[in-house]
Amino acid sequence: DAGITQSPRHKVTETGTPVTLRCHQTENHRYMYWYRQDPGHGLRLIHYSYGVKDTDKGEVSDGYSVSRSKTEDFLLTLESATSSQTSVYFCAISEGALTDTQYFGPGTRLTVL
Amino acid sequence: AQSVTQLGSHVSVSEGALVLLRCNYSSSVPPYLFWYVQYPNQGLQLLLKYTSAATLVKGINGFEAEFKKSETSFHLTKPSAHMSDAAEYFCAVRVNTNAGKSTFGDGTTLTVKP
C-alpha cells in the first residue's frame with residue numbers, strides 16, 4: 001500500500017468554525033490531490049498540487065484553500081465550515097499527472113452541524 | 001471539457017455470472033481512462049487503466065476493459081463474479097488539455113448474490 005495517511009479520520013464541527021485536514025505521504029510523489037465524495041456524485045476534485053507551493057483549483061474549490069510547504073504534506077482548509085461541506089474527503093497522490101496511477105488515502109469523514 | 005457517464009447506479013449479479021459495468025466518456029481529445037474500486041470505508045484502488053496502448057486492458061482480480069473509440073465506451077467486465085467483488089466501482093477520465101485533472105463518474109454499486 002502507498003504510504004498515505006489522513007488526519008483526522010473523523011471530525012464533527014460547527015458551522016462557521018475553521019477546519020484543517022492533513023494529508024501526509026511517504027512516497028515522495030510530486031502530485032497530491034484533495035477530493036470530496038458525496039452520495040450520487042462520485043469524487044469531485046477540490047484542489048491539487050503539482051509541487052511544493054504549486055497548487056491549482058479543481059471543480060469544487062469555492063470555500064476551500066490548500067497549502068503545500070513540504071513535499072510530503074498537503075493541507076486542506078475550510079475557512080468557515082458550512083453544512084454543505086459535510087462530506088468524506090480523500091487525499092490522493094501520483095508521480096505524474098496524466099497516466100500515472102493515483103493512490104488514495106483512507107479518507108476523512110467531516111460533519112458540519 | 002471531459003465527462004464520464006456510468007450507466008446504472010446499482011448492478012446485481014449472481015455469484016459466477018458475468019459482470020458488466022458500463023462507462024461512456026465524452027472528450028474532444030484522446031482520453032486516458034481508469035477504473036477504480038472502493039470497498040466500504042476505504043479509499044479507491046486502481047483496477048486498470050487505458051493509456052493509448054492496447055485497447056483491451058487487463059487489471060487486477062480478473063477484471064478487464066475494452067476501449068472502443070467508435071462507441072466512446074470503456075466498459076468493465078469479469079467473466080465470473082465472486083462474492084468479494086461486491087463494492088462500488090468508479091470510471092474516470094483524464095485528458096492532457098486539462099492538466100491531467102481526473103473527472104469521475106458517479107459510481108456503480110455491484111451486489112453479488114450467493
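Quick caveat: nothing in here was measured; it's all calculated off a predicted structure.

1. Considerations on the sheet that holds strand β8 (residues 73–78) of chain B
Residue and element names in this part refer to chain B.
Phase 1 of the analysis: Strands sit in the order β1-β3-β8-β7-β6 across an open sheet of five strands; the sheet is antiparallel. Two strands lie at the open edges of the sheet, namely β1 (3–7) and β6 (56–58), each paired on one side alone. Strand after strand, the sheet turns through a mean of 20° between neighbouring axes, direction not considered.
Phase 2 of the analysis: Bridge analysis of strand β7 (residues 64–68) against β8 gives five bridges, and the strand direction is antiparallel. Across the sheet, Glu66 pairs through a bridge with His75, a residue of β8.

2. Some details on the state of the cysteines
Phase 1 of the analysis: Across all of its chains, the model carries two disulfides over all chains by this definition.
Phase 2 of the analysis: The disulfide partner of Cys23 of chain A is Cys91 of chain A, and the S-S distance across this bridge is 1.9 Å. An S-S torsion of about -70° defines the bridge between Cys23 of chain A and Cys91 of chain A as left-handed. Of the two residues, Cys23 of chain A is situated in strand β3 (residues 19–25) and Cys91 of chain A in strand β9 (residues 87–94); the sequence distance between them amounts to 68 residues.
Phase 3 of the analysis: By relative accessible area, which is 0% here, Cys23 of chain A ends up buried.
Phase 4 of the analysis: By relative accessible area, which is 0% here, Cys91 of chain A ends up buried.
Phase 5 of the analysis: Covalent S-S linkage joins Cys23 of chain B and Cys91 of chain B, the inter-sulfur distance amounting to 2.0 Å. The chirality of the disulfide connecting Cys23 of chain B with Cys91 of chain B is left-handed, given an S-S dihedral of about -65°. Here Cys91 of chain B lies in strand β9 (residues 87–94) and Cys23 of chain B lies in strand β3 (residues 19–26), a separation of 68 residues in the sequence.
Phase 6 of the analysis: Using a relative accessible area of 0% as the deciding quantity, one classes Cys23 of chain B as buried.
Phase 7 of the analysis: The buried category is assigned to Cys91 of chain B, whose relative accessible area is 0%.

Cut-offs and rules
- Residues numbered from 1 in each chain as written.
- Chains lettered and ligands numbered in written order.
- Predicted model: local features only at pLDDT ≥ 70, side-chain atom pairs only at ≥ 80, totals over all residues.
- Heavy atoms only, no water.
- Pairing = 2+ DSSP bridges.
- Helix = DSSP H or I, 4+ residues; strand = E, 2+ residues; numbered from the N terminus.
- Axes fitted to C-alpha atoms, helices over the stretch in contact; angles between N-to-C directions.
- Disulfide = S-S within 2.5 Å.
- Buried < 20%, exposed > 50% of the residue type's maximum accessible area, 1.4 Å probe, protein only.

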